[in-house]
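Here's the letter readout for the chains.
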Amino acid sequence: MTDDRINEILGKLTLEQKASLCSGSSFWLTEPIPEAGVPAVRVSDGPNGVRKEKTSAGTNVMKAAETATCYPTLATLACSWDEDLAEEVGAAIGEEAANLGVSTILGPGVNIKRSPLCGRNFEYFSEDPLLAGRLGAAYVKGLKSKGVGCSVKHFCANNQETLRMSIDTVVDERALREIYLPAFEHIVKTQKPRTVMCSYNRLGGTYLSDNKRLLNDILHGEWGFDGIVVSDWGAVNDRVEGVKAGLDLEMPGCNGVTDREIVKAVRSGAVSEEELDAVARRMLGFIFESVEALPKPGVTDFDKQNAVAAKAAAQSAVLLKNDGAALPLAENANVAVIGAMAKHIRYQGGGSSHINTPYTVSFCDAMRAAGKSFAYADGYDIKTDIPSLTLIKEACDRARGRDAVILFIGLTDSYETEGKDRRHLDIPLSHVLLLDALSEVSGNIIVVLSGGAPVKLAHVYDKCSALLDVYLPGQAGGTAAYDLLYGKVNPSGKLAETFPYNNDSLAAEYFPMGPRAVEYRESVFVGYRYYDTAGKAVRFPFGYGLSYTDFEYSDMKLSSDKIKEEEPLTVTFTVKNTGSVSGAEVAQVYVSDVESTLFRPEKELKGFKKVYLQPGESTEISVPLDSRAFSYWNVEINGWHVESGDFKILVGSSSRDIRLTGEVFVESAAPDAPIPDYTGTAPSYYEIKNGSVGSIPKKEFYALAGAEPLNNLPFEKGGLDINNTISHLSVNGFGKAFKGIMSFGGKIASIGTENPEMIKQTILDMPLRGLTGFSGGIISKKSAEGIIDICNGVKGGVRKLIGGFTDQLKKKD
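Reading the values: the criteria
Residues numbered from 1 in each chain as written. Predicted model: local features only at pLDDT ≥ 70, side-chain atom pairs only at ≥ 80, totals over all residues. Heavy atoms only, no water. Axes fitted to C-alpha atoms, helices over the stretch in contact; angles between N-to-C directions. Helix = DSSP H or I, 4+ residues; strand = E, 2+ residues; numbered from the N terminus. Parallel < 35°, antiparallel > 145°, perpendicular 65-115°, else oblique. Left-handed = near helix turned anticlockwise from the far one by under 90°. Contact = heavy atoms within 4.5 Å. Nonpolar A, V, L, I, M, F, W, Y, C, P; charged D, E, K, R; others polar. Core = buried A, V, L, I, M, F, W, Y, C linked by side-chain atoms within 4.5 Å. Buried < 20%, exposed > 50% of the residue type's maximum accessible area, 1.4 Å probe, protein only. Patch = residues over 30% accessible without salt bridge, like charges linked within 9 Å, V, L, I, M, F, W, Y side chains within 5 Å. Areas by Shrake-Rupley, 256 points an atom, 1.4 Å probe, with all protein chains shown as cover. Salt bridge = Lys/Arg side-chain N within 4 Å of Asp/Glu carboxyl O. Pairing = 2+ DSSP bridges. Phe/Tyr/Trp six-rings, centres within 6.5 Å; stacked < 30°, edge-to-face > 60°. Lys NZ or Arg CZ within 6 Å of the ring centre and 35° of its normal. Expected span 1.5 Å × (residues − 1). Polar contact = N/O pair within 3.5 Å; in protein donor to acceptor, adjacent residues only side chain to side chain. 1 Å grid on protein atoms, 1.4 Å probe; cavity = no way out; pocket = protein on both sides within 12 Å on 5 of 7 lines; lining within 4 Å. Points joined across faces, edges and corners; volume = space filled by probe spheres on them.

*Asks:* Just to check I follow, could you spell out the packing of helix 6 (residues 173–180) against helix 8 (residues 212–222) for this structure?
*Replies:* Packed helix pairs are characterised by how far apart their axes lie and by the angle those axes make with each other. In contact at an axis separation of 15 Å, helix 6 and helix 8 are set at 50 degrees when each is read in the N-to-C sense. If you check the angle between helix 6 and helix 8, you find them oblique. As helix 6 packs across helix 8, the resulting crossing turns out to be right-handed. Residues E173, L176 and R177 of helix 6 form the contact with helix 8, whose participating residues are R213, I218 and E222. The class makeup of the residues in the contact of helix 6 with helix 8 is two nonpolar, no polar and four charged.

Structure representation (structure tokens):
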């Protein structure tokens, strides 16, 4: 629809109709205006499939969803390092969404994996912003090819699940620009997504839903975003401030409660009608673009989609160890398959991304389909971590005397879910003891690891001959594992995150934090940027992954040995498959500043290319680098800056397996620009490269951030407000009772749902203001304020609580 037509429709809308566009009509639908010819459009959860709920009225308690294919999670897909594959998966999901009448998928998630313990890491691509942005853009491109939009989430600096709805993220501007924003920026600039989803958290004291600097100045202004900003569900703090900040759509709808606030604000002059018109215009553009692009619903061929899921899972699995060419297995190998996860595949994470699949294919299913005979034993109870000596003994009896033991272990469902962070890197004790026992009866254990994030693997590594990480592979994970173990597919995945020996990153001491704020004291030293700079040993480095063949790198050339900042540089080199089987290699290009005035990571990923080669085949790879490959964010000039000097160009198979090295001199376009100097106020950041820094003093971090230290003490009676969570209310008897009632209600509401743990935790972590949206307007803001007043010991709280309910009943009448 043309801009003129949208403006024509907008001009005919009443103030109330314009305001009605600012919130949903339900949990999944926008508000229609039939008399103006404005329809409702549907959005649905993603991102590793379509989670369209069968009903959309009432509260969101993870109702039963329509059948849809479960593809590998984004953490899994990231290990493919394959943009074409990410686009193919996006297109497959888009096709299913269109068949279900869904206009927009709520994904992809491109938040950075600041810590391996974030409970939602399985939904995110990587610890590296370039990799997350490139794969995220390809995924969005695939969705768009089928007429389906996306919602790039969660914008931004939302990197812990603990207190995610209220936590205040404190991050220095340089880290924000270099680590946490680039993936969003790349997708916005290259794919022009329909929506971006703002996150729950505060950033520098301001909720993202109110954050004019992030939503309007950066997203719309600097990056030229012309789509809509939608809130995460229940993330709106102040709807009137949100209109002024650039928040377009509040979800879920709350029966017009906040729409009336907007109308009142316009009439009082607190918000101009021009500001509201800007939001309504964007909403109309989104609605009509969604309607016009979406094809007519069809019937999904689930077997065809399953083949895409299997392909993606196989090309994303990472071979971490293969001593003595233990893999691939011989066709006639006498094997025992051990581990309940071989029979009950762990294929997705918990939470809003949970897909209702048409079927799943476990490893045991795939073995039987291939006509393989094998011994099997559970070895452990998948529903508990408590070891069973009976199950372990049975497993050892089945394993004894076999050519190989294929052992499935990893993180079970209870370990990873939206709304809750992990507390350690361990796998279940029952899995460890099973491995120990099996190692006494077999010298050839093939471990297949499942889970959406890194775990401690030193002990596992020492006890096995081969180690294959399939992550969370989607519904066809069993097929993929079979194809990989028996050599039907050559492993080609590379880790999109570091696997440490222990939880010892620079962020570890500051994750998770609360109850008020979380400090990103590590600054730009996230993941391999820290480990490689500090020279710290890791179990598996970023970008690591083995193959059944070998690759040789040679003939590196740079297009020039000296360039000006605005000039491009092309890195060219040759990769050859020197083995006897076909395979794929991910060639990675890193840049290292030889000598920098400001502290910088040892190396940073700036390009990559995945190539498929036959035995003996070679190919020339060219990777272009622009000025951003050499830049850092300079807070003195509030922009990207290149410091003149020499830069190493490093080409390798992982961040620690560098095969080729070159050097280029880059001449700055702003050689006289001031460069920040923290050597006196924050010296620890400069000393990380010496390997002697394991923590950052608070004083130094706030000197870097340019902010005053925050109070991070527990909340007390008299200090609560409507942004406090239900878990914070235990400051008096009423608060404890209310928390208990809500906790009990969460248990009741979660019965029979897809993810009860997430629902129970989300209710406790919900700010009181969020009750309005999640109750469909039943609990008003006034009632929530009454609850806070009672907890604070303020007189009149009970009257306000009851009055809020009374007011709502009058409005309904």
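Now that the structure is up, let's keep going.
*Asks:* It is not clear to me how the nonpolar core should be interpreted in this structure. Could you clarify?
*Replies:* Most often, soluble globular proteins have nonpolar side chains that are buried together. Counting residues in hydrophobic clusters, the biggest one holds 171 residues, and the most contacted among them are F155, C156, F363, L438 and L485. Among the elements that make up this core, the one with the highest residue count is helix 5 (residues 129–145) (eight residues). Aside from chain neighbours lying at most four places away, what touches F155 is L181, F184, V196, M197, C198, S199, L208, L214, L215, L219 and W223. Counting residues in each nonpolar core, the second largest holds 61 residues, with V271, L729, L768 and L771 among its members.

*Asks:* Which parts of the structure should I look at to understand the side chain of T195?
*Replies:* For T195, the location among the structural elements is in strand 5 (residues 195–198). The contacts of T195, once residues within four sequence positions are left out, are T104, C150, S151, V152, F225, I228, V230 and F286.

*Asks:* Sorry if this is basic, but what is going on with a nonpolar patch on the surface here?
*Replies:* Together, F744, I748 and I751 give the surface a local cluster of nonpolar side chains, amounting to about 340 Å² of exposed area. With respect to the helices, strands and loops of the structure, F744 is situated in helix 22 (residues 733–750).

*Asks:* Please clarify how the sheet that holds strand 17 (residues 562–564) should be interpreted in this entry.
*Replies:* Within a sheet, adjacent strands bond to each other through the backbone by hydrogen bonds, running parallel or antiparallel. Read from one edge to the other, the open sheet built from five strands follows the order 17-25-24-19-20, with strand pairing classed as mixed. Single-partner strands in this sheet number two, and they are strand 17 and strand 20 (604–613). Strand-to-strand twist in this sheet, taken as the mean axis angle between neighbours without regard to direction, amounts to 30 degrees. Sheet topology places strand 19 (residues 583–593) next to strand 24 (residues 645–654); six bridges connect them, and they run antiparallel. Bridged to Y590 within strand 24 is L650.

*Asks:* Mind showing me how you'd approach the packing of aromatic side chains here?
*Replies:* The way to describe two aromatic rings as a pair is by their centre distance and the angle between their planes. Counted under the stated rule, the structure contains 24 aromatic pairs. Between the aromatic rings of F701 and Y702, the centroid separation amounts to 5.1 Å while the plane-to-plane angle is 70 degrees, which identifies the pairing as edge-to-face. Taken together, W81, Y528, F542, Y590 and F608 form an aromatic cluster joined through their ring pairs. The residue whose ring lies beneath R174 is F599, and the NZ or CZ to ring-centre distance is 4.8 Å.

*Asks:* Help me understand helix 4 (residues 83–99) in this model?
*Replies:* Every α-helix winds through 3.6 residues per turn, so residues three or four apart in the chain are directed the same way. Between its terminal C-alpha atoms helix 4 stretches 24 Å, which fits the 24 Å expected from 17 residues at 1.5 Å a residue. Of all 17 residues that make up helix 4, 12 are buried, and the element is covered over most of its length. Those residues of helix 4 that sit buried are L85, A86, V89, G90, A91, A92, I93, G94, E96, A97, A98 and N99. Buried residues along helix 4 sit against helix 3 (74–78), strand 2 (104–106), helix 5 and helix 12 (302–316). You can read the cap of helix 4 off the contacts: a side-chain oxygen lies 3.0 Å from the backbone nitrogen of D84, and it is on D82. Immediately downstream of helix 4, the backbone of G101 shows phi near 75 degrees, a positive value.

*Asks:* What is the right way to read the sheet that holds strand 7 (residues 206–207) from this model?
*Replies:* Within the open sheet, the four strands sit side by side as 7-6-4-15. Their pairing is mixed. Bordering the open sheet on either side are strand 7 and strand 15 (517–519), each of which pairs with just one other strand. Where strand 4 (residues 168–170) meets strand 6 (residues 202–203), two bridges bridge the pair, whose relative direction is parallel. In the sheet register, T169 faces strand 6, and the bridge partner there is L203.

*Asks:* Looking at this structure, I do not really get the side chain of S44. What am I missing?
*Replies:* Among the structural elements, S44 can be located in strand 1 (residues 43–45). According to the relative accessible area criterion, S44 is buried, its value standing at 1%. Those residues within four positions of S44 in sequence are excluded, and the remaining contacts are W28, V50, R51, K52, V102, T104, I105 and L106.

*Asks:* Would you take a moment to explain empty space enclosed by the protein for this structure?
*Replies:* Any empty space left between the atoms is revealed when a probe the size of a water molecule rolls over them. A complete count under the given rule lists four cavities of 30 Å³ or more for this structure. Its volume calculated, the largest cavity comes out at about 100 Å³. What lines the largest cavity is K113, R114, S115, P116, E127, P454, E497, T498, P500, S505, G527 and Y531. Its volume calculated, the second largest cavity comes out at about 80 Å³. If you go around the second largest cavity, you meet 13 residues; those closest to its centre are M341, I345, F408, S450 and G477.

*Asks:* What should I look at first to understand the layout of surface pockets in this one?
*Replies:* Considering only enclosed or pocket space, the largest pocket measures out at about 890 Å³ in volume. Taken together, 34 residues make up the lining of the largest pocket; nearest its centre are L130, R134, H186, K606 and G607. Those elements giving two or more residues to the lining of the largest pocket turn out to be helix 4, helix 5, helix 6, helix 7 (182–191), strand 20 and strand 21 (618–625). Considering each element in turn, the lining of the largest pocket owes the most residues, eight residues, to strand 20. When the residues that make up the lining of the largest pocket are grouped by side-chain class, the tally is 13 nonpolar, six polar and 15 charged.

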